[in-house]
Amino acid sequence: MIRLLRRVVRALGRPSFLGAFALAAAAAPATAQDSYRVTGTVTDSTGAGLERAMVVALALPDSTLASFTTSGSDGAFTLERVAPGDYLLQVQLASFETVRTPFTVTDADVDVGAAPLALQVYGIEPLVVSVDHTPFQNRRDTLTFNAAAFETRPNASVEDLLRRLPGFEVDSDGNIEVQGEAIEQVLVEGKEFFGSDPTVATRGLPADAVAHVEVYDRESDMAEFTGIPDGQERKTLNLRLTEDAQRGWFGAAEGALGASETVPSTLTLADDAVRFDQQLGINRFSPSTQLALIGSLNNVGRARFNVSGGGGGGQVAARGGAGAAGGGGFTSSGVLGFSGSHDFTDDDWIRGSYFFSDLTTQRESARLQQQLLGSSVASTIANDATRVSDSQSHRVDLNAQRDFSEGNRLRLRAGLNATQTTSTDVSTRVTESATGAAINSEVSSTGTDSDGLSGNANLTWMKRLGDAGRSLVVNLGANLSRPESSGGLASTLEVATPDGPITTELLQDRLQTGRVFTNTQRVALTQSLGSTRTLELFGERRDVREDEERSVFDITDGGSVLVDDLSSGLEQTYGYLSGGFRLNRNTETSRFVLGLEAQRSTLEGTIDGRSETIENSNTRLLPSADLRLQVGDSHSLDFGYRTSTTEPTMEQLQPFADNSSPTNVYVGNPDLQPQFTQSLNANWRFFDAFTFLSVSSFARFSHTNDDIVTSRTIDERGFQTAQPVNGGDSWTATSGLNIGRPIRALGTNVSVDYRLSLAKRPEFVNGDENRSRILGNTVALQLSNRDKSRFDLEANARFAFNDVAYSLNDELDQGYMNSTYSLRGTLYLGDAWSLSGDWAHQRYDDDVFGDAENLSLLDLSISRYLFDERASIELAAYDLFDESQVVSLSSSADAITESRSQAMGRYLMLRFNYRLGTLGRGGPGGGPGRR
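Naming follows an unreviewed UniProt entry, where the protein appears as TonB-dependent receptor of Gaopeijia maritima. UniProt lists a comment for the protein under the heading Subcellular location (unreviewed entry), and it reads "Cell outer membrane".

So this is what it looks like as structure tokens:
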């Protein structure tokens, strides 16, 4: 079976196959018929021509798109290839009212004359004439999705909307990827919303408040002021709101109460029979002011916001029981936040937010791992763990800008974060040989109290120097972090010997304090070299000062004894001096940036209590290039080349051991050198406004010299010591293709997604090099109905093919496939009632860890709208098959791991939701908010 699947994967990876597939998907039936031109002129109220107005011909009676264009510099436009029939001419331009005029094409070209546009007057109800909206617009720097083209359920969040957009992936934690790149920031109307947490906007705002979703690379403040990209772009998602949302207040209050079945567990939160879930969100927006208040309190693991950070990956979890970070467990959380912004003028503004979270997590997990131990030895490691943690955090963000005069601007960004966490971990780790013989076992219990305080400030100033196109930009930045922790370790170790097991007891206390301070000064001078070219000369100085002290004590009958081998301290300073140039050429359809930077880095460190120092220095030339092309209104191409250096962290450099897991000890390496990475990336996007065919593809490649990898030493007891080393070269490659289009004859939308990833990386086992190769191929298919007036149905299938090979021991090579199937839908029963279901089934390959325990999750609900569609009441049942677990399967450079975590099982909730304000009332088909 695996061999057959590999053949399928190899076929999918061939360019000829993909090209033929894309060509077949793009093909559309055509019929020969006469077509004509439609001409006219877009003007303002005085008769002057208006440039760049969008002119669309909508075929009647169904208002489907027949032809489109934009007006020229004199306002004139021409619509090509318009067949005989009745049409609606729609003309749109920002800040003007939309004009719609009927016209007819018979057997000749048509001149519709002037189409005068009036300045927009807010408060007028817009006329909606079409249910077949253009899904997205593809420009050189920005990919814009029309939210109205992707229908969502009533009361859906922005996150629900994003899951429907082609090329988007949203995991259980709310982390977003677009065409294989992670979204780092979410803005609302181009403004920060609750600082750096993207889930506050995507989970806290309703889908029907959003008119457009924009995806682009947001430049750093420095690059924005100079006008030249500096390689510090952040992949950003910007939510453009509807007119109603921009000028009014809206929100929702939600309360739910229910009961759950008892789950076999030692955790106290698992015994809670009563389940509750309260949510509150209030937003007040105007053109100059944004105010938002959010609150959440629940014990069903419904972490509406990313209060704990974390990340997911390939997990299927019982919905409502996935824990705060998608890793299973039982969670009780409380969140309170406030965000506000005010624009005094277009260039003078202030934005700030405060966010508090209180999170209690209790988790039981079991992990099974096949690990490489040498050229002829492999092992199976079983690890059962229980973790209980309580965490509180406070976060404050502040951004402001002051425009003193034209060309004289100052911007401030600052933040402060304080956290306090108490945790207890109990784990059992058993290592067996490939034949099942016992090697060693470990039972450990740790308790930790930790506090952290961090703050940052960044100040950017721009001054235009005269009228010759010359500007000076200065950036000053500082970042301070002060973590502290204390705790204890109790461990029992058992080693198998021919004479029987040998048992060792370990009891320790540990204290750890640290400080990291970073300060940066950067100066740039830009000079215009004509209407399309700009030159930037820059210099930068950056210092990173770190110090850490760790003390470990053995607890004996006589008291505490300092363990010198595990206790030490380290002070180090990284210093950077760099300078270079960037040349930018920018036109309406292209942008090309070429840069070269010379960087000198030095490291000076002192190991406390030892006669050891750490010193090294490196000089690098770091070239870069970026090309972006817009080919017509349908195609865009991006190409990029970047080089960068990554220095070892303090943890990697510290030469003392961390024995938190006594059978798996970590030791730093003070001789590490920085790693050097070169990366290439390319993106191509295409959209046909006539067939609604969309195609997007990407390819990324990176190569790293002196890659910092792990070297593991395994002794005769099976105890492992891991140390970071510079392992030579490694590289990764990823690519993807997404094709989507409607099949109007069947009333469906179809999307096919293919992803390919390949990584090769070295590591060392007992001094022998092992080069791992991890190949992944993923094929996904999505089908959904187009007319959602009576029902909304979506079906998904996803097949993940994985192939892992190890040069040191091919007995551990593995090929396996996991698949996921899901079906979700809503049936609308008149204007008030609806039935909803959500089913997901995960299948795991039996070839990895024997007979696999697959997962099948089912949620069902019935809801009714009340009070003139302001409110809804819902009865929902979750995890009806009582799976009560989270499962993930992953591959790394030395092991294949399956993890299973206990989660909430079957439970029932009665939920009441009341919509505040008037946003989204009276959606088509009876459901508020449904597009």
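1. Remarks on the overall build of the protein
For the protein, the count of helices and strands is eight helices and 50 strands. For the protein, buried positions account for 48% of its 931 residues. Restricting to contacts in the protein with at least 6 residues of sequence separation, those with at least 24 account for 66%. For the protein, the accessible surface area stands at approximately 41700 Å², while carbon and sulfur atoms represent 54% of it.

2. Here's the deal with the environment of H703
Checked against the element boundaries, H703 lands in strand β37 (residues 693-705). Sequence-wise, H703 and T643 are 60 residues apart; in three dimensions their C-alpha atoms are separated by 9.7 Å.

3. A closer look at the sheet that holds strand β1 (residues 36-43)
Pairing in this open sheet of three strands is mixed, and the strands run β4-β1-β7 from one edge to the other. This sheet does not close on itself; its edge strands, each paired only once, are β4 (76-82) and β7 (110-116). Pairwise comparison of adjacent strand axes, ignoring direction, gives a mean angle of 20° for this sheet. Pairing of β1 with β4, which is carried by five bridges, proceeds in the antiparallel orientation. Its bridge partner lying in β4, Y36 is registered against V82.

4. Describing unusual backbone geometry
Phi is positive for E189, close to 55°, though the residue is something other than glycine. Its identity is not glycine, yet D879 carries a phi of approximately 50°, on the positive side. When you line up the elements, D879 lands in the loop between β47 (871-878) and β48 (885-891).

5. Overview of the sheet that holds strand β10 (residues 168-170)
Strand order in the open sheet made by the three strands is β10-β11-β12, with antiparallel pairing throughout. With partners counted over all chains shown, the strands left at the sheet margins are β10 and β12 (181-182), one partner each. Pairing of strand β11 (residues 176-178) with β12 involves two bridges; the strand directions are antiparallel. The residue bridging E177 from the neighbouring strand is A182, located in β12.

6. Comments concerning the nonpolar core
Proteins that are soluble and globular tend to have nonpolar side chains buried together. In terms of nonpolar packing, the biggest core is built from 37 residues, with L162, F168, F193, V213 and L239 touching the most fellow members. Non-local contacts of L162, meaning those with residues more than four positions away in its chain, are made with F168, V170, I176, T202, V213 and L237. Within the second largest apolar cluster, 24 residues are counted, among which are V38, V82, Y87 and V110.

7. Brief notes about the pairing of strand β15 (residues 210-218)
Burial analysis of β15 places seven of its nine residues in the buried class, which makes it a mostly covered element. Inspection of the sheet shows strand β9 (residues 142-146) paired to β15 by five bridges, in the antiparallel sense. In the sheet register, L143 faces β15, and the bridge partner there is V215. Where β15 and strand β16 (residues 234-241) come together, eight bridges link them in antiparallel fashion. Paired with V213 across the bridge in β16 is L239.

8. Topic: the pairing of strand β25 (residues 438-465)
Bridge count for strand β24 (residues 408-433) against β25 is 25 bridges, and the pairing is antiparallel. If you follow R411 over to β25, its bridge partner there is T460. Linking two consecutive strands that pair antiparallel, namely β24 and β25, is a turn of four residues; a positive phi of about 95° is found at G436 within it. Following β25, the chain reverses through four residues before pairing antiparallel with strand β26 (residues 470-495); G466 in that reversal takes a positive phi of roughly 75°.

9. Some words on the packing of aromatic side chains
Centre distance and the angle of the planes are the two values used to describe a pair of aromatic rings. Tallied over the entire structure, the rule returns 10 aromatic pairs. Each ring, one from F145 and one from F168, has its centre 5.3 Å from the other, and the planes form 85°; the classification is edge-to-face. Here F168 lies in strand β10 and F145 lies in strand β9, a separation of 23 residues in the sequence. Under the relative-accessibility criterion, F145 is labelled buried at 2%.

10. Some details on the side chain of S772
With respect to the element layout, S772 can be found in strand β42 (residues 768-785). In this structure, S772 is in contact with A759, K760, R761, A805, Y806 and A893, ignoring residues within four places of it in sequence.

11. Remarks on the environment of R387
Examined against the element boundaries, R387 turns out to sit in strand β23 (residues 378-405). A relative accessible area of 33% places R387 in the partly exposed class. The residues contacting R387, other than those within four sequence positions of it, are T361, Q362, R363, S423, T424 and D425. Polar contacts involving the side chain of R387 include one to the side chain of D425, which spans 2.8 Å.

12. Some details on empty space enclosed by the protein
For the structure shown, the criterion picks out six cavities of 30 Å³ or more. What the second largest cavity holds in volume is close to 60 Å³. Lining the second largest cavity we find E192, F193, F194, G195, S339, G340, R351, G352, S353, D397, L398 and N399. If you list the elements that add at least two residues to the lining of the second largest cavity, you get β21 (330-343), β22 (349-372) and β23.

The rules behind each value
- Residues numbered from 1 in each chain as written.
- Predicted model: local features only at pLDDT ≥ 70, side-chain atom pairs only at ≥ 80, totals over all residues.
- Heavy atoms only, no water.
- UniProt positions renumbered as here; feature names shortened; annotations may be inferred.
- Helix = DSSP H or I, 4+ residues; strand = E, 2+ residues; numbered from the N terminus.
- Buried < 20%, exposed > 50% of the residue type's maximum accessible area, 1.4 Å probe, protein only.
- Contact = heavy atoms within 4.5 Å.
- Areas by Shrake-Rupley, 256 points an atom, 1.4 Å probe, with all protein chains shown as cover.
- Pairing = 2+ DSSP bridges.
- Axes fitted to C-alpha atoms, helices over the stretch in contact; angles between N-to-C directions.
- Core = buried A, V, L, I, M, F, W, Y, C linked by side-chain atoms within 4.5 Å.
- Phe/Tyr/Trp six-rings, centres within 6.5 Å; stacked < 30°, edge-to-face > 60°.
- Polar contact = N/O pair within 3.5 Å; in protein donor to acceptor, adjacent residues only side chain to side chain.
- 1 Å grid on protein atoms, 1.4 Å probe; cavity = no way out; pocket = protein on both sides within 12 Å on 5 of 7 lines; lining within 4 Å.
- Points joined across faces, edges and corners; volume = space filled by probe spheres on them.

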